[in-house]
Each structure stands twice: as structure tokens, then as C-alpha cells.
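Residue-level structural notes
Spelled out, the chains give:
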Amino acid sequence: MADSVQSDTKTNGFHKTTNGQHAEELKIAIIGQSNFAAEVLELLLERDHLVVGVFTIVDKGNREDVLATTARQHRIPVFKFTAWRRKGVPLPEVLEQYRSVGANLNVLPFCSQFIPMEVIDGAAFGSICYHPSILPLHRGASAISWTLIEGDERAGFSIFWADDGLDTGPILLQKQCPVFGDDTLDTLYKRFLYPEGVTAMGEAVDMIAAGKAPKIPQTEIGASYDPALFREENQYINLNQSAVRIFNFIRGLDSVPGALATVELDDGTEIPVRLYSASLSARRSMTNAKLIRFKGSVGPAFVTHEGIFITGTDGALVRVKRLRRGNRVIPAGQWFEQANTSTKPLELTEKEQEQDMLLRSIWKSILKVEIEPETDFFACGAGSMDVVRLVEEVKDTLEVPISNETLFMAPMYGEFLQEIVLRLRAGGAGDRSANIEFVGKHTVLKANRRKICVPTQLFINGQFVDAEGGKTLPIVNPTNEQVICDVASASKSDVDDAVQAADEAFRGVWTSVSARERGQLMYKLADLMEQHKEELATIESIDSGAVYTLALKTHVGMSLDAWRYYAGWTDKIEGTTIPVNPARPNHVLTFTKKEPIGVCALITPWNYPLMMLSWKMAACIAAGNTVVIKPAQVCPLTTLKFAELTVRAGFPPGVINVLTGTGSLAGQALADHPLVRKLGFTGSTPIGKRIMASCAESNIKKCSMELGGKSPLVIFADCDLEKAVRLGMSSVFFNKGENCIAAGRLFVEDRIHDEFVRKVIKGIKTMKIGDPLDRATAHGPQNHRAHLEKLQEYCAIGLKEGATLVYGGKRVPNMEGFFFEPTIFTNVEDHMYIAREESFGPIMVISKFHASDFDALVARANNTEYGLASGVFTKDIQKALLFAEKVEAGTVFVNTYNKTDVAAPFGGFKQSGFGKDLGKEALNEYLKTKCVTVEY
């Protein structure tokens, strides 16, 4: 909870004119740099303040400060100065340029330069500055760090009127927050000082505009001015103090620059290290620990697998989890294992310096911060998708073979650069051309610096064959609306051939493969999929419009996980023994067996072609069945490539069969076929009903249905708003909104509704829409034209019924391809069409609620015939668990969303279907239970 501190209402305590209003409009000059300053600029413009000029630092190399970039986007004059004065004297040409904009208020959100008093006092309404401490405490450049180092119970910031002193001017506004035991410099800044500081700068300017801005003189009682921690000599930690003081110093410098200490080796060598991730330890015993000696420390220090433990003067211990030695960050517990590793910085050649610049630009484009050697990728807030994007961009730009693990082992820029340079020196990426071995009709995709051969025929009984009569259908690239190729379109006769082949394999060759051998085949297939993951992800992007980085991480990544997960289950499927009442004097043994069903048909959707195949087929094959799959008509290419890999993995003919074609013909024939004993379907509810009817009428097939959804996501005001915004956006816009568990309707508490919407709009504006193969793209094209047109119709209905369209709602203009703008509707009432029906696209539907009636809120969330997923964001665990108990949905996310895992069951309630994909429960969908009773 934040506390606000302002002045009383004495007239002479305010900066005001007659009747409390300014006689002239504010003309604001923003002086400073950084993302913080850029966000302040955006906020002031949103609040209709006039910004007449932006004054910032000069470019670093070719890199412009983000404040300058933001100002240019809004066509605001930008001035870049190396300095404002020389030898204490203002530079005349600088003063002239400043005065040229006619500013009457200077706003300094964050500024590293010395600004002359001629500028500070030159604005009629003065100059206001942001400072990250509760003044007069911690004046100086390292206020946040000293708040933690001194063990303050509260942190905060001040907005003050600049004067000729150092952070001594009158206070305009202050806000505070508690300091938590696990806070670091990074967490305190991100949790409170940054977001609340941006908002408060806007409030301060509003107060000045209204003539109600106070000027409260600072007291000198309790004032402190702390040494600047950007000076290396001030970064050394004093280890001869209490454990809590040691802990506070380390966390005050975590993660940049890191507390400095010196390790003394037995031979007298001194090694400087930086310490990170500290915590107070309750341990008292150091059994099996090794001693390590820090220079100047009188207490012992120990190394265990958990980290380095430093003893304070009070006998308590501080645990350090990570340290940096030279350019490499290592787990502190591996100090002795890493002792012989060279830490000498690399001397870069001219070419390597150019590669350094390229690498820095990639990091900056992802993290949106200036990149220094100690910049920690994960400490800057990067997530799993950012990892995929970084790895792929580095691989493509520098042609160096790296993986996600490369970044995990070297998360700081300096060590990551060193790793990349060493790999390039060792020989680069090698030959990236595809080694193609293929027989049959196929198309060659030339994309992503690859040539990828993709089959275009049906796959029946281990062979690629033409459809009856050579019938084909076109496959269109949703990015450019061009035909990729033609694929075979199966007839009813082709369906019968595939089912017959699967039935013969089930009763013949597949029975000779043991459960463990079945698992080995699945593992081999997963390994092949991993070897070809870039190809599979590229095909998925071209064929379905999936963003490549998402395709690599989720479409392909979860597919690999599914095959490996269920490969581990193959020899663990077992029955039970059951005690029953025997007919004495005889004895009875009763036990159950879990057996495969037989031929299973799978009909999968177009949103996750490979992943939906894998979710269903991996469990199906693990259970010992054979399968015929009909992928979505519009994007079957990854399924056909997958079929090729099953041959290379050694699956016997007939075990896996692929039928491309239309749902009305091939899909219906599968539902009707008498030899198919199980059908798994993912798709719309209306089609699911038709399939269920066919399954019943043909031979009462067992079926599982994952159908439509209108998943409610409830966001309470007591949530972590930044997280709720980020994951709320993901809940709707993930995979372009083509996501079965997408949050079809958001219920946002009225207290935070407007702020939530504002932040979502801001987030959308940063999303790059475009070619899904571009590593920077966040939003690709919709899957096919008919779906795009459906989304346009959906938005038209929303407008007609009175919902408020606040963003998007139309096809992206002046861009070929099926691109639809991320869209937001507000003021959505329960009776409206868009409140009840699924869009299956990037359309956020928001309704307000008041928190006073929890039961009514849950009733609104449940007022739908769907029940696939749901979510809630709140810090109140009782509220969260009550929601999870009462909501009618197969999946409930609490303070997260889209967090699926192959080990967790997935499926819906009501008209969202029945049965489960994933987890142990999914195996039961492809098994039958046989009970055996033996009397003896």
C-alpha cells in the first residue's frame, strides 16, 4: 500500500495565481533520459499537456536514448547536449536552444547531467524533479541502494522543486511503500518506484496546472547525503558487521553493479568478485562445507552446494547464491569447481567489435534498456518468449549455433558476448543448408534461410500416395495470401484405405511391439522432431501464420514435451487387483487390465496444428492404439512433415496415417466408419455435436471433445496490476487470439478499469504486427480469410449492440495478408452477443464489476454454456480459492494464464466438451478397462 504525503492547505504553501488558476497554459520542457522519462512524456501527452521540447543526452554510437525516440514519434523538438555548461559556466548556444522553445515549466524525471540555474530558474513556473527517496533522507545519486543498505522499513520517492542545492528543494509530492524482506534494488524499483513514480509525475504536473502544487520546505532534521555507488571504491562491502548489514548491502547493489569483495587464495592471489542474490540463512551447521577466505573479513565463510555462506559479527549467516568473477556469473556453490576457469576478458578484433554492436542491438530491442556488460537478461524482466526470440535472432544474425541453455548459463551480457565470440572463433554455425532425402510429391519451402521439403500426398500404410482421382486442394499462406502448394484431398475411399491399414497394424505388427519398445520409438520420434524443430516451426509459421518464436517455443516445444512425457508412460500403464467375496471353499482372483481401444481417429484444429496432433496422438500411441488423423483443411503441412519423421523414427506401416482434405468429407467419413472405435476432436461446438451424433449412430464410438470456450478472466483491484495487464493481454492476444482457452471475456473491477484499459492500449501499441518469421513480430496474420471475415462481422455486431470500441476492430490497413488489429471493447453488457459468443481472435471483451457482490460476479462468469477455462487475479487467497471452487470451468488459472503443462489434465465442462487431453488422465481416453475374475 502506498502512502501519499502532501502539504496542508495554507495559501502560501502553494504555487498558484489568482483564483488558483494559471494565467497561461503550461509549456513543458522535459529534461532527462531513460524509459522512465519516456513514459512520463507519454503520460503527460495522454493528459493533454503541451510539451514544447525534449532535452536529452547525445547518442551512444548509433543508439538514441528512448526519450528522444519517443519524442520524435510525437513530433516534439528534440535537443541533444553533451553538456549544459563548461567549467561551471553555462554554454550560450545551449541556453539559446533551450530558450527557443519558450518553456514555462521544466520537468526532470531522470537526468544525469548538471543543469544550470539559468535553466532551472528560467521557467516561469519553475522546475520539478523526481528523486527515489523520501527526502531529506538519502540525497544523492544512489538513493534506492542506500534505502536498502540502511535497512529502512519504508521506501518512496519525492517530487520536489529544484533549487541551487543537491536534492534540497521544496517538496511538491511524496509517496511511500513498505520495504519487504526479499526486496532488492531491482524489485523495489519495478514494484513501486518506477510505475508509481511515472503516475506521480503526471499528478504533479496536473497540480501545477491547477494552481494547487505545494512548496513544502525540506527539514534538515534526519537529512542524509550518501556516497555515490557508481564509484567503484564505494561498492566494496564491509564484511566485519552484522549479518543483516552484510545482507542489506548486497541486496542494495543487486543486480547492478553488484557488491564487491575480494577472495584470497592459498597462494596469496586476490580475486575480485561481485556478490548477488543474498538471503539471511537460518543454518547453524556447516557440515561438509569448504572454507573460503574473503580479504578483510575476521569471520569464516563457507562454500556448499547451496552457495557461499558469510558469517557476520553476530554469528549469523548470509547466503550468497551467485557471484561474478571477471565476465562470468556462476552459482556461488560452484566456486571451487570454477576456480581454474579463465576469467581474462577477451580482446575483440575489429570484426568482433561489429558483432558486439549487433548483439547489443538485439538485446536492447528485446529488453528496452541500455546494455552494459553487467546487464542481466532475466533481471530486466525477460520471459520465456524473449529467450526464444533472442536465441533465434542471434542464430540468424551471427550464424552461431546456440540454444536456450547458452543464455541460461550466461545471462549477463558480458559473459554472453564472450560465449558467442568463443563459439564463432571455434568455427561458426557450419553448413545451414538442409540435407534433403525425399521420395514422392512434395513442395520446397524457401524461408528462414532454409530449403524445407514438405510432402503433399496422403500418408497411408507407411507410404505417401495420391488421393483418389488425384484430387487436391490449395493451401494459402496467410501472410501474403499466396498459394503455397496443393495437397491431396482425401475421398471416402481413401479414408477407408487408411482405416483398414490402421486396423491391420493394430491386429498385427503393432501387437508385436512391446510397451517399452513403443516408448523407445516415441523418444526417437521426439528426438527427430527436435532435430527438425526449426523446420517444423518455419512450416507452422508459413502455413498457419503462427509467430515463429511462439511456434518454436509452444507449437513445437510443447509437442516435444508431449511425446517425451507419454513415452515415459508406455510401460507404466497397469491394472489393479480387487478383493472380492469368494464362494467358499473356492478362491477368487479379480484383476483389471488396461487395454488399447484399437483404431482411433483424430480430427485436429487449425490454431495449433502440430501441438494439437501431439497432445492427442502421443497419448493415443502410448496406450497402444493405431491412428488416422485428419488435420485442419487450411494448414496440414506440419502434419505431413511429421508423417515423414515417423517413417525415419521406425514406426511400422499403418500405425500412423494422415488424411488431408475437407471436414465435410474426410472428417465425416472417419466419424461414420465402423472400424474406428475412438474419435478425438478439437474444434467448434456445433461441429462437435454433429460428430457426436455420427459416433453414436455408426457404432457408438468412444469420443472426447475439446470444443468452444468463452473463458472468463476476473481481475480484482487488489491484484498485481502490471502482471494482470501483461498476462491479461496474453490471455487474449496469445497466438493472435486463436487459442481455445483465450479469455473470451474480462471482468475488471471498476476501481482499476480505466487504468487497466490504458495500460493494455499502451501495450498493444508496442506490439509489432507483421511477418511471423520476423523474430521481432509479436502478432501475425489470422489463419485464413473466412476467419478474418468472421472477426470483422463479430466487431460489427459488438458496435451495433452498443459496446464501446476503444482500439482496433478492423483489418490492418495497407498490409497484404489476413492481419487483424488487436481489438478492445469496453462497456460490454451481459446480454450482448460479444459477451456470450467466442471470437477466437485478438478481441478483448471487457465488462466492469463492483467487488461488493462476489456471488453475483461468479454468476456472471458462469452465465455461459461454455466451461473450458477461467482465471482470476487477486492477492486475496480466500477470494481466489472461492472463485476456483465456484467457477464452472475445467481449468482455473490463479494469478497467471495460459500456463499449461503436458503433465496437467486439460479439458472443459458443459458445451466446451468432455474428456481430457494431457496428463495421466488423457491415457484413459484411449484405454478400455477389462475386468478378469479367476476362480481356483
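Residue numbers run consecutively from 1 along every chain, following the written order of its sequence. Thresholds applied to this predicted model are a pLDDT of at least 70 for local features of residues and 80 or more for the giving and counting of side-chain atom pairs; totals over whole chains, interfaces and linings are not thresholded and use all residues. Think of the side-chain values as coming from all heavy atoms in the structure, minus any hydrogens and water.

**Overview of empty space enclosed by the protein**
Test applied: Cavities and pockets were defined on a 1 Å grid built over protein atoms only: a cavity is a set of grid points that admits a 1.4 Å probe from which the probe cannot escape, a pocket is an open set flanked by protein on both sides within 12 Å along at least five of seven lines, and lining residues are those with an atom within 4 Å of any such point. Grid points are joined across faces, edges and corners, and a volume is the space filled by probe spheres set on the points. A run of H or I in DSSP becomes a helix once it reaches four residues, and a run of E becomes a strand once it reaches two; helices and strands are each numbered from the N terminus. By the convention adopted, Pro, Cys, Tyr, Trp, Phe, Met, Ile, Leu, Val and Ala count as nonpolar, Lys, Arg, Asp and Glu as charged, and the other residues, Gly among them, as polar.
Counted by the stated rule, this structure contains 7 cavities of 30 Å³ or more. Looking at the largest cavity, its volume works out to about 100 Å³. Listed by contribution, the elements that provide at least two residues to the lining of the largest cavity are strand 34 (743–749) and strand 37 (843–849). Classifying every residue of the lining of the largest cavity by side-chain character gives 7 nonpolar, 6 polar and 2 charged.

**Quick look at the sheet that holds strand 35 (residues 804–807)**
What counts, and what does not: For two strands to be treated as a pair, DSSP must find at least two bridges joining them. Fitted lines through C-alpha atoms give the axes, limited to the stretch in contact for helices. The angle between two N-to-C directions lies from 0 to 180 degrees. We call two residues in contact whenever any of their non-hydrogen atoms come within 4.5 Å of each other.
Spatial strand order, 35-36-37-34-33-39-40: 7 strands in an open sheet with mixed pairing. A strand with exactly one partner marks an edge of an open sheet, and here the two such strands are strand 35 and strand 40 (891–894). Here the average twist between neighbouring strands, direction ignored, is 20°. By the bridge criterion, 4 bridges tie strand 34 to strand 37 in an arrangement that is parallel. Across the sheet, V748 pairs through a bridge with K848, a residue of strand 37. In the packing of helix 20 (residues 721–733) onto the sheet, the strands contacted are strand 33 (711–715), strand 34, strand 36 (823–826), strand 37 and strand 39 (869–873), and the crossing angle to strand 37 comes to about 130°.

**Digging into the packing of helix 8 (residues 350–367) against helix 11 (residues 413–425)**
Here is the rule: The cut-offs work like this: below 35 degrees is roughly parallel, past 145 is roughly antiparallel, 65 to 115 is roughly perpendicular, and the gaps in between are oblique. By the definition used in this description, the sense in which the near helix is turned from the far one sets the handedness, with an anticlockwise turn below a right angle giving left-handed and a clockwise turn giving right-handed.
Helix 11 packs onto helix 8 with a crossing angle of 130° between their chain directions and a minimal axis gap of 11 Å. Put simply, helix 8 runs oblique to helix 11. Read as a crossing pair, helix 8 and helix 11 show a hand that is right-handed. Seen from helix 8, the contacting residues are E352, Q355, D356, L359, R360 and W363; seen from helix 11, they are Y413, F416, L417, I420, V421, L424 and R425. A breakdown of the residues in the contact of helix 8 with helix 11 according to their chemical character gives 8 nonpolar, 1 polar and 4 charged.

**Digging into the packing of helix 15 (residues 548–567) against helix 16 (residues 609–622)**
When two helices pack together, their arrangement is given by the angle between the helix axes and by the axis-to-axis distance. Running from N to C, helix 15 and helix 16 cross one another at 5°; their axes reach a closest spacing of 8 Å. Relative to helix 16, the element helix 15 is oriented roughly parallel. Here T554, H555, V556, M558, S559, A562, W563 and Y566 of helix 15 come into contact with helix 16, specifically with P609, L610, M611, L613, S614, W615, M617, A618, A619, I621 and A622. Class assignment for the residues of the contact of helix 15 with helix 16 results in 15 nonpolar, 4 polar and no charged.

**Quick notes on the layout of surface pockets**
Once rolled over the atoms, a probe with the size of a water molecule shows which space is left empty. Threshold: Per the annotation, domain bounds derive from an automatic or database assignment of domains.
A volume near 1,000 Å³ is recorded for the second largest pocket. As for the second largest pocket, its lining consists of 39 residues, and the residues nearest its centre are W606, F681, G683, S684 and I687. Where the lining of the second largest pocket is concerned, the elements lending two or more residues are helix 18 (663–672), strand 31 (676–682), helix 19 (685–699) and helix 22 (785–800). Among the elements that line the lining of the second largest pocket, the one with the most residues is helix 19, at 6 residues. Grouping the amino acids of the lining of the second largest pocket by side-chain chemistry returns 17 nonpolar, 16 polar and 6 charged. Of the residues that make up the lining of the second largest pocket, three or more belong to each of domain 4 (442–574 + 595–706) and domain 5 (712–907).

**Observations concerning unusual backbone geometry**
Formally: Relative accessibility thresholds used throughout: buried, under 20% of the residue-type maximum; exposed, over 50%; partly exposed, between the two (1.4 Å probe, protein chains only).
With an omega dihedral of 15°, the bond running from L135 to P136 counts as a cis peptide bond. Phi angles above zero are rare outside glycine, and N735 is one such case at about 55°. Relative to the elements of secondary structure, N735 occurs in the loop between helix 20 and strand 34. Taking the relative accessible area as the measure of exposure, N735 reaches 4% and is therefore buried. Phi at N898 takes a positive value of approximately 60°, unusual for a residue other than glycine. Residue position: N898 is located in the loop between strand 40 and strand 41 (909–910).

**Some details on the pattern of salt bridges**
This is how it is decided: For this document, the term salt bridge refers to a Lys or Arg side-chain nitrogen within 4 Å of an Asp or Glu carboxyl oxygen.
One pass over the full model with this rule turns up 51 salt bridges. Between E481 and R811 there is a salt bridge whose closest N-O contact spans 2.9 Å. Placement of the pair is E481 in the loop between strand 24 (472–477) and strand 25 (482–488) and R811 in the loop between strand 35 and strand 36, with a sequence separation of 330 residues. By relative accessible area, which is 27% here, E481 ends up partly exposed. With a relative accessible area of 26%, R811 lands in the partly exposed category.

**Examining the packing of aromatic side chains**
The line we're drawing: Centre distance within 6.5 Å is the pairing criterion for rings of Phe, Tyr and Trp, where only the six-membered ring of Trp is used; planes under 30 degrees apart are then read as stacked, over 60 as edge-to-face, and the remainder as tilted. In this analysis the charged atom, NZ for Lys or CZ for Arg, is taken to sit over a ring once it is within 6 Å of the ring centre and within 35 degrees of the ring normal.
Evaluated as defined, the whole model comprises 25 aromatic pairs. Arranged with centres 5.2 Å apart and planes meeting at 75°, the rings of W363 and F377 form a pair that is edge-to-face. One end of the pair, W363, is in helix 8; the other, F377, is in the loop between helix 8 and helix 9 (384–398), and 14 residues separate them in sequence. Seen from their ring centres, F459 and F464 are 4.8 Å apart, and the 45° between their planes marks the pair as tilted. In terms of burial, F459 and F464 fall into one category: buried. Site record: aromatic cluster; members linked through ring pairs are F36, Y130, F157, Y189, F192 and Y194. Directly above the aromatic system of F716 lies the positively charged group of K879, at a separation of 4.3 Å from the ring centroid.

**Regarding the sheet that holds strand 27 (residues 588–596)**
An order of 26-27-43 is seen for the 3 strands of this open sheet, with the pairing classed as antiparallel. The strands lining the two open edges of the sheet, one partner per strand, are strand 26 (577–578) and strand 43 (927–935). Where strand 26 and strand 27 come together, 2 bridges link them in antiparallel fashion. From the neighbouring strand, I578 faces strand 27, where its bridge partner is T590.

**What about the environment of I629?**
With respect to the secondary-structure elements, I629 resides in strand 29 (residues 626–630). Along the backbone, I629 and I603 are 26 residues apart, and their C-alpha atoms lie at a distance of 5.9 Å. If we ignore the near neighbours within four places in the chain, the residues touching I629 are L602, T604, L613, M617, T639, N657, V658 and L659.

**Considerations on the domain arrangement of the chain**
Where we set the bar: Buried area, as used here, totals the accessible surface that two parts lose on assembly, with accessibility defined by a 1.4 Å probe and the loss added over both. Polar contacts here mean pairs of N or O atoms no more than 3.5 Å apart (in protein, one a potential hydrogen donor and the other a potential acceptor; neighbouring residues in sequence count only if both atoms are side-chain atoms).
Per the domain assignment, the segments making up the chain are domain 1 (27–210), domain 2 (235–334), domain 3 (350–423), domain 4 (442–574 + 595–706) and domain 5 (712–907). On a C-alpha basis, the centres of domain 2 and domain 3 stand 28 Å from each other. Contacts between the two partners involve 8 residues from domain 2 and, on the opposite side, 9 residues from domain 3. Together, the buried faces of domain 2 and domain 3 total about 770 Å²; carbon and sulfur atoms form 49% of this surface. One can count 1 salt bridge joining domain 2 with domain 3. D376 is the partner of R322 in a salt bridge, and the nearest nitrogen-oxygen pair spans 3.3 Å. Across the contact surface, domain 2 and domain 3 share 1 residue pair in polar contact (both at pLDDT 80 or more). Every element with two or more residues in the side of domain 2 that touches domain 3 is listed here: strand 18 (317–325) and strand 19 (328–331).

**Side note on the UniProt feature "active site" (unreviewed entry) in the chain**
Going by this rule: UniProt positions are given in the numbering used here, feature names are shortened, and annotations may be inferred rather than shown by experiment.
Taking the UniProt record as the reference, the feature "active site" (unreviewed entry) is found at H131, E706 and C740. Taking the farthest pair of C-alpha atoms as the criterion, the annotated set spanning 610 residues is dispersed, since that pair is 53.4 Å apart. Of the annotated positions named here, the second largest pocket is lined by E706 and C740. Looking at where E706 falls in the secondary structure, it is placed in strand 32 (residues 702–706). Since its relative accessible area comes to 3%, E706 is described here as buried. Among all residues touching E706, those that are not within four sequence positions of it are M612, F681, T682, G683, C740, L868, F906, S912 and D917. Turning to its location among the elements, C740 is positioned in the loop between helix 20 and strand 34. Those residues in contact with C740 that lie beyond four places of it in its chain are N607, E706, G709, E838, F840, L868 and F906.

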